[in-house]
Amino acid sequence: MKYKFVMLPVFIASFCLTACSNENSETLQEASRVNFFAMDTYMTFSAYGNEAEQVLAQAQEEMERLEHEWSVTDESSEIYRINHSEGEAVTISSETAQILKFAFDMAEKTDGALDPTIYPILTAWGFTTEENRIPEKEELDSLLENVGYEQAELNRNQIQLPKGMELDLGAIGKGYAGDIVTKLLEKEGITSALLDIGGNIQAIGSRPDGSEWRLGLRNPFGEGEIGMLLVSDQAVVTSGNYERYFIGEDGKQYGHIIDPKTGYPVDNELASVTIIAQEGKVGDALSTAMFVMGLKNAETYWKTYQDFEMIAITNDGEIYLTQGIEDQFTLSSTFSNMELHIITAN
Ligand code: ADP
Ligand code: MG
């Protein structure tokens, strides 16, 4: 099971800052909750309000519907149909066309650090079957010929991939689906909810007492939480190679996030990257892409766009925050020896 962000129970003393003292039981309502497994991960949705229970049931159904549409393995999914089209053009739903358009746009914007056509490489490493192996460089080089989002042709509701190319929405699907579910909840009048989509967190509104949600930033090196983040109406998404990986016969660790330029799992100075964004899809796309790019290029990217915030943790235990998130983040006392750097706009 993978868990990146955890919703902190309010009674954990080490995380009780000022908000704890003015919290009294009369302002706290009972949360409705659903737990389920979808998109290869555990999801927990919590919401407040009279209609919450019934709305969450709808939210779960919607998530399951989207999984069915975008799964790489489900033989009736649209993605499966595209991946088995043998070079023929395929007509898809406008919903699938939209997520693919977003995926290709982000691939272009991140100069291919995010590449939704990486699937043949993932298969070669066994990440799709859990029967992991280390492929030869020649094998990867030849598979890389079938990787490259520029080769996919998307025209409205039609897509055509060269033979041998396969799509995988693993890096953005959960965030994108989270946005759809967020809209559904908001439309149904929910003003306070937290979606935990396998560690991707989407906060709807704030807590019922009006205070911000507190999220624990998971320690990529082991147990515990490195710090606490206060958010409302934001998505918080983390990527790292510390959750899904295998140890090869050579004793090295190989993670599931691949550098599309080389075909090898990302192996740079980063342990994890967390993105705080208005939308889950942006958070999800960028957490993967910034992790692939590495610290320096991620900093440059942030300076160019500045429409998201980032917390990067390096393998040697340093932490980099973009300036806009500084006030919302508190390092936990157990990790107070971590060196903290602020990334500024200039
Ligand atoms: P998680 O799925 O654990 O939340 P990510 O959002 O970073 O983590 O997505 C990682 C998944 O995305 C991988 O399991 C794989 O399916 C796919 N993937 C791996 N490398 C890339 C890449 N460079 N670009 C796009 N997708 C990728
Ligand atoms: Mg991602």
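Counting from 1, residues in each chain are numbered in the order their sequence is written. All chains are assigned letters beginning with A, and all ligands numbers beginning with 1, in the order in which they are written. For this predicted model, a pLDDT threshold of at least 70 governs which residues receive local features, and a threshold of 80 or more governs which side-chain atom pairs are given and counted, while totals over whole chains, interfaces and linings are taken from all residues. Side-chain measures were taken over the full set of non-hydrogen atoms in the model, leaving aside hydrogen atoms and water.

Strands here mean DSSP runs of E at least two residues long; helices mean DSSP runs of H or I at least four residues long; both are numbered from the N terminus. In terms of regular secondary structure, the chain is built from nine helices and 18 strands. C-alpha atoms define the radius of gyration in this analysis, and the globule rule sets the expected value at 2.2 Å times the number of residues to the power 0.38. The C-alpha atoms of the chain give a radius of gyration of 20 Å, which matches the 20 Å a tight globule of 346 residues would have. Along the longest, intermediate and shortest principal axes, the C-alpha atoms of the chain span 60 × 45 × 40 Å. Counting every position in the chain, which comprises 346 residues, the buried fraction comes to 55%. The Shrake-Rupley method, run with a 1.4 Å probe, gives the accessible areas here. Residue values count only the displayed protein chains as cover. Carbon together with sulfur atoms contributes 45% to the accessible area of the chain, which is approximately 15800 Å² in total. The cut-offs for exposure are 20% and 50% of the maximum accessible area for each residue type, with area from a 1.4 Å probe on protein chains only; residues under the lower value are buried, those over the upper are exposed, and the others partly exposed.

Let's shift gears to the packing of helix α8 (residues 280–293) against helix α9 (residues 295–305). Running from N to C, α8 and α9 cross one another at 130 degrees; their axes reach a closest spacing of 6 Å. For the element pair α8 / α9, the angle class is oblique. Taken together, the residues of α9 that come into contact with α8 (itself represented by Leu286, Met290 and Met293) are Leu295, Asn297, Ala298 and Tyr301. Each residue receives one of three labels: charged for Asp, Glu, Lys and Arg, nonpolar for Ala, Val, Leu, Ile, Met, Phe, Trp, Tyr, Cys and Pro, and polar for the others, Gly being one of them. Taken together, the residues that form the contact of α8 with α9 break down as six nonpolar, one polar and no charged. Between the N-to-C directions of two axes lies an angle of 0 to 180 degrees, each axis being a line fitted to C-alpha atoms and, for a helix, fitted only over the stretch in contact. In this scheme, roughly parallel covers angles under 35 degrees and roughly antiparallel covers those over 145, while 65 to 115 is roughly perpendicular and the rest are oblique. Contact criterion: two residues are considered in contact whenever any of their non-hydrogen atoms come within 4.5 Å of each other.

The nonpolar core is taken to be a set of buried Ala, Val, Leu, Ile, Met, Phe, Trp, Tyr and Cys residues, with the residues joined through side-chain atoms within 4.5 Å. In terms of nonpolar packing, the biggest core is built from 84 residues, with Phe45, Leu185 and Met290 touching the most fellow members. Where each domain begins and ends follows an automated or database-derived domain assignment. Of the domains in this structure, domain 1 (15–68 + 172–343) and domain 2 (77–160) are the two that each give at least three residues to this core. Sequence-distant contacts of leucine 185, defined by excluding residues within four places in its chain, comprise Val55, Leu56, Ala59, Ile190, Ala193, Leu195 and Ile204.

Once that is clear, we can look at the side chain of threonine 44. Looking at the secondary structure, you find threonine 44 in strand β3 (residues 41–47). The exposure class of threonine 44 is buried, given its relative accessible area of 16%. There is a polar contact of 2.8 Å between the side chain of threonine 44 and the side chain of asparagine 35. As used in this structure description, the phrase polar contact means that two N or O atoms lie within 3.5 Å; if the pair is within protein, one of them must be able to donate a hydrogen and the other to accept it, and residues adjacent in sequence are counted only when both atoms belong to side chains.

Before going further, it helps to spend a moment on the domain arrangement of the chain. Here the domain parsing of the chain yields domain 1 (15–68 + 172–343) and domain 2 (77–160). One C-alpha centre belongs to domain 1, the other to domain 2, and the line joining them spans 25 Å. Contact with domain 1, which involves 34 residues of that partner, is made by 26 residues of domain 2. Whenever a carboxyl oxygen of Asp or Glu lies within 4 Å of a side-chain nitrogen of Lys or Arg, that contact is scored as a salt bridge. Taken together, the links from domain 1 to domain 2 amount to one salt bridge. One salt bridge connects arginine 65 with glutamate 95, and the closest N-O pair in it is separated by 3.0 Å.

A separate point is the packing of aromatic side chains. Classification of ring pairs rests on two measures: the distance between centres of Phe, Tyr or Trp rings, Trp counted by its six-membered ring, which must be within 6.5 Å, and the angle between planes, read as stacked under 30 degrees, edge-to-face over 60 and tilted in between. The tally for this structure, following the rule as stated, stands at twelve aromatic pairs. Ring centres of phenylalanine 36 and phenylalanine 45 lie 5.2 Å apart, and the angle between their planes is 85 degrees; on these two criteria the pair is classed as edge-to-face. Just as phenylalanine 36 is buried, phenylalanine 45 falls in that class too. Among the aromatic residues, those joined into a ring-pair cluster are Trp125, Phe127, Phe246, Tyr254 and Tyr264. The ring of tyrosine 305 has lysine 109 sitting right over it, with the charged end atom 4.4 Å from the ring centre. Directly above the ring of phenylalanine 102 sits lysine 281, whose terminal nitrogen or CZ lies 5.0 Å from the centroid. Two conditions define a charge sitting above a ring: the NZ of Lys or the CZ of Arg must be within 6 Å of the ring centre, and it must be within 35 degrees of the ring normal.

Moving on: the pattern of salt bridges. Scanning all chains against the criterion turns up eleven salt bridges. Ionic pairing is found between glutamate 69 and arginine 65, a salt bridge with its closest N-O pair at 3.4 Å. With glutamate 69 and arginine 65 both in helix α2 (residues 52–70), this residue pair falls four residues apart, about one helical turn. According to the relative accessible area criterion, arginine 65 is partly exposed, its value standing at 35%.

Another aspect to go through is the sheet that holds strand β14 (residues 270–277). Spatially, the nine strands line up as an open sheet ordered β2-β3-β7-β8-β11-β14-β15-β16-β18, and their pairing is mixed. On the outer flanks of this sheet lie β2 (32–38) and β18 (339–343), each paired with one strand and no other. Strand-to-strand, the axes of this sheet are offset by a mean angle of 10 degrees, without reference to chain direction. Paired strands, as defined in this entry, are two strands with at least two bridges between them according to DSSP. Pairing analysis gives five bridges linking β3 to strand β7 (residues 192–197), with the strands arranged antiparallel. Counterpart to serine 46 in the pairing with β7 is leucine 194.

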